[in-house]
Amino acid sequence: MTANTLAGGTFTMTQDVTVGRMGYGAMQLAGPGVLGPPADRGAAVALLREAVELGVNHFDTADFYGPHITNQIIREALHPYDGLVVVTKVGAVRDADGGWVHERSPEQLRAQVHDNLRNLGVDALDVVNLRVGGGDDGHSAVPGSIAEPFTALAEMRQEGLIKYLGISTVNAEQVAQAQSIAPVVCVQNGYNVAHREDDDLVASLAAQGIAYVPYFPLGGFSPLQSKTLDDVAARLGTTPMAVALAWLLQRSPNILLIPGTSSAAHLRENVAAATLELPADALTELNAIA
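Residues numbered from 1 in each chain as written. Predicted model: local features only at pLDDT ≥ 70, side-chain atom pairs only at ≥ 80, totals over all residues. Heavy atoms only, no water.

## A closer look at helix 9 (residues 264–272)
One turn of an α-helix holds 3.6 residues; hence residues three or four places apart share an orientation. If you check which residues of helix 9 are buried, you get L267, N270 and V271. Looking straight down helix 9, one finds that the buried residues subtend no more than 95° of arc, so they occupy a single side. Elements in contact with the buried residues of helix 9: strand 3 (24–25), helix 1 (41–53) and helix 8 (240–251). Regarding helix 9, its N-cap is S263, as a side-chain oxygen of that residue lies 3.3 Å from the backbone nitrogen of A265 further along. (Buried < 20%, exposed > 50% of the residue type's maximum accessible area, 1.4 Å probe, protein only. Helix = DSSP H or I, 4+ residues; strand = E, 2+ residues; numbered from the N terminus. Arc of directions from axis to C-beta. Contact = heavy atoms within 4.5 Å. Polar contact = N/O pair within 3.5 Å; in protein donor to acceptor, adjacent residues only side chain to side chain.)

Rendered as structure tokens:
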């Protein structure tokens, strides 16, 4: 796979890591509630391989998806990952009821890193994001120091277990704190055309050449916001999801997308969104809904 065939154009995270801006988020490869195996493991394997054929080389995962199941499917489908970049997350585990529980002590993080290494079948992880926030909604930044857990990951990077580091669900102050400890190649936060609290952070990271990876591209829309998105999509003869993804790609060149799906048809639609150019009037209309 060459750089000019990567989906959505490219972004260089660091000197030896260039990814297509349209990636794939693997959370939906697990069973219902992101627990247990999928109903059709063979279909999940085929979906990942089709993503590569469509020009995707950036795969986002976590060993707490399943748990363990998603990484094991990725290994079956894509190992030895030639030309691919697998980005994972640590900082949480699943409890007996399927809850998402923070575990961020140095010892807990080391165990999670080794789980990822084992289940992905690698000696070093490409990129590891420290999952930080939570809050009442489960996916908001929560102020506070992240020095201890990020330092633990930085030490594992020095040991060669991790190649590059990122952070997830954080505010600007936490980004700066992490950068004072070790280089940060990506930040993963909730962000979309309607929820743009991170506008300043996106711009700051772009100026530094750091990737911003938004999740929930259609999360938390009001009925009025959804109607606007629907109307733009209808005029352009496409889907609201495609419009939302295209808006993100046009928003800033450092934005990388990781939409997830267990459907091959939806995968193709998402990748096709990387070629959708929103006209100026559509951008004006969409920008007004934030």
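## Some points on the layout of surface pockets
Within this model, the largest pocket holds a volume of roughly 650 Å³. Per-element tally for the lining of the largest pocket: the top contributor is helix 8, with 3 residues. Here the residues of the lining of the largest pocket are counted per class, giving 16 nonpolar, 9 polar and 3 charged. Its boundaries defined by the atoms lining it, the second largest pocket holds a volume of some 370 Å³. Lining the second largest pocket we find 21 residues, and of these H139, G190, Y191, E197 and D198 sit closest to its centre. Elements with a contribution of two residues or more to the lining of the second largest pocket: strand 10 (186–190) and helix 6 (199–208). Within the lining of the second largest pocket, the residues separate by chemical class into 7 nonpolar, 10 polar and 4 charged. (1 Å grid on protein atoms, 1.4 Å probe; cavity = no way out; pocket = protein on both sides within 12 Å on 5 of 7 lines; lining within 4 Å. Points joined across faces, edges and corners; volume = space filled by probe spheres on them. Nonpolar A, V, L, I, M, F, W, Y, C, P; charged D, E, K, R; others polar.)

## Describing the packing of helix 1 against helix 2 (residues 69–78)
Here helix 1 crosses helix 2 at 60°, and the two axes come no closer than 9 Å. Comparing their axes, helix 2 and helix 1 come out oblique. Here the hand of the crossing between helix 1 and helix 2 comes out right-handed. Where helix 1 approaches helix 2, its residues R41, A44, V45, L48, R49 and V52 are matched on the opposing element by Q72, I73, I74, E76, A77 and L78. Classifying every residue of the contact of helix 1 with helix 2 gives 8 nonpolar, 1 polar and 3 charged. (Axes fitted to C-alpha atoms, helices over the stretch in contact; angles between N-to-C directions. Parallel < 35°, antiparallel > 145°, perpendicular 65-115°, else oblique. Left-handed = near helix turned anticlockwise from the far one by under 90°.)

## Focus on helix 6
Those residues of helix 6 that fall on the buried side of the exposure criterion are L201, V202 and L205. Seen end-on, helix 6 carries its buried residues on one side only, within an arc spanning 100°. What points out from helix 6, more than 90 degrees from its buried face, is the exposed set D200 and A207. In the core, the buried residues of helix 6 are packed alongside helix 5 (172–179), strand 10, strand 11 (211–215) and helix 8.

## Points about unusual backbone geometry
For the bond from G66 to P67, the omega torsion is -15°, close enough to zero to count as cis. Checked against the element boundaries, P67 lands in the loop between strand 4 (58–60) and helix 2. Between H79 and P80 the backbone carries a cis peptide bond, its omega angle lying at 20°. For P80, the position within the fold is in the loop between helix 2 and strand 5 (85–90). A positive phi is found at V34, a non-glycine position, where the angle reads about 60°. Given a relative accessible area of 12%, V34 falls into the buried group. Notably, T169 is not glycine yet its phi reads approximately 60°, a positive angle. Within the fold, T169 resides in the loop between strand 9 (162–168) and helix 5. For T169, a relative accessible area of 5% puts it in the buried group.

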